[in-house]
Amino acid sequence: MKISCIIIDDEPLARAGVKDYCEKVGFLDVVGEFKSATDAGAFLEEHPVNLMFLDINMPGVNGLDFVKSLRQPPLVIFTTAYREFASESYDLDALDYLVKPITFERFYKAVNKAYQYFDSATSSGLDHFYVKVDGVITKVNMEDVLYIEGMKDYIKIYLNDESRLITLLSLKQVEALLPSERFVRVHRSFIVSKSKVESIEGNIIHMAGQEIPIATNLRVEVLEQIVGDKFWKRG
């Protein structure tokens, strides 16, 4: 499993140090380095990532305000020389708070939390997850999910009882967290529960009275994922 990450720090030596540590950890993939929050924000609009290493005291937008400005922030590990911001960082659901100079042992402990987070989320044994709905952390049982629809800035989770949950996440983030054994992306806007598919007609999936489109470029993969060797046909 690879965790995509970016490094944001106005000090070149600090960026180089974090990158060097990342390269020593096999599961981290650095996809960008930025000297300002503004530059990083522009990148994140087009390239969602799993994790960011973020300095706090930077010219222009500081790290804390930057996280507050993001609708769908990645997991955050703050890297700073200032201990006094620790309390506020955890109010922003930071994964960890590293005070410079950062030892590799302390760095590894922090990134291992990220690994455990994504590993547990993608585990085939996971039977539930939590999302924030109207400010309330809400439990969702995997078995209750029919399909998930992406709406640019948020997602709708459709459940067996015909209820819907709306939360600020991207479909790309959700796809990375859901177990592939149970769910499959069938369209740029839809992820479906494989076991809930009732029929497939052309490029349309029928489930619970709903019609979900299959993207033409995904049709072969989707059929393989949903039907596979369970399709009985005349030989």
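Our structure is the block above this text.
Starting afresh in each chain, residues are numbered from 1 along the sequence in its written order. Residues qualify for local features only when their pLDDT is at least 70, as the model is predicted, and side-chain atom pairs are given and counted only at 80 or more; totals for whole chains, interfaces and linings, by contrast, use all residues. Values reported for side chains reflect all heavy atoms of the structure, with hydrogen atoms and water molecules removed beforehand.

J.: Can you explain the layout of surface pockets? Please cite residues and give values.
T.: Put simply, the grid is 1 Å and covers the protein atoms alone, a cavity is a trapped set of points that fit a 1.4 Å probe, a pocket is an open set with protein on both sides within 12 Å along at least five of seven lines, and lining residues have an atom within 4 Å of a point. Grid points are joined across faces, edges and corners, and a volume is the space filled by probe spheres set on the points. One number sums up the size of the largest pocket: a volume of about 1,400 Å³. As for the largest pocket, its lining consists of 42 residues, and the residues nearest its centre are Pro73, Leu75, Tyr117, Leu168 and Leu169. Taken together, the elements giving at least two residues each to the lining of the largest pocket come down to helix H3 (63-69), strand E4 (75-80), helix H5 (104-122), strand E6 (128-133), strand E9 (155-159) and helix H6 (171-177). In DSSP terms, a helix is any run of H or I states spanning at least four residues, a strand is any run of E spanning at least two, and both are numbered starting from the N terminus. In terms of residue count, H6 provides more of the lining of the largest pocket than any other element does, six residues in total. Under the scheme applied, nonpolar residues are Ala, Val, Leu, Ile, Met, Phe, Trp, Tyr, Cys and Pro; charged residues are Asp, Glu, Lys and Arg; polar residues are all the others, including Gly. Residues that form the lining of the largest pocket fall into these classes: 28 nonpolar, seven polar and seven charged. Within this model, the second largest pocket holds a volume of roughly 500 Å³. Lining the second largest pocket are 18 residues, and of these Leu44, Glu45, Pro48, Gln72 and Asp153 sit closest to its centre. At the level of elements, helix H2 (37-46), H3 and H6 are the ones that each hand at least two residues to the lining of the second largest pocket. Here the residues of the lining of the second largest pocket sort into seven nonpolar, five polar and six charged.

J.: Provide a residue-level description of the sheet that holds strand E14 (residues 204-207), including the pertinent values.
T.: A sheet is described by the order of its strands in space; here three strands give the open sequence E13-E14-E15, paired in antiparallel fashion. One side of each edge strand has no neighbouring strand; the edge strands of this open sheet are strand E13 (199-201) and strand E15 (210-213). When strand polarity is set aside, the average angle formed by the axes of neighbouring strands in this sheet is 30°. Strand pairing is defined by DSSP finding a minimum of two bridges between the two strands. The pairing of E14 with E15 spans four bridges and is antiparallel. Across the sheet, residue Ile205 finds its bridge partner in E15, namely Ile212. Under this scheme, a helix contributes an axis fitted over its contacting stretch, all axes are lines through C-alpha atoms, and angles between N-to-C directions fall in the 0 to 180 degree range.

J.: I'd like to hear about the pairing of strand E10 (residues 164-167), residue by residue, with values.
T.: We call a residue buried when its accessible area falls under 20% of the maximum for its residue type, exposed when it is over 50%, and partly exposed in between, using a 1.4 Å probe and counting protein chains only. Side chains of E10 alternate between two faces, with Leu165 and Thr167 buried and Arg164 and Ile166 left unburied. Looking at chain direction, E9 and E10 are connected through four bridges and run antiparallel. Opposite Ile155, over in E10, you have Thr167 as the bridge partner. Connecting E9 to the next strand, E10, in antiparallel fashion are four residues, including Glu162 with a positive phi near 75°.

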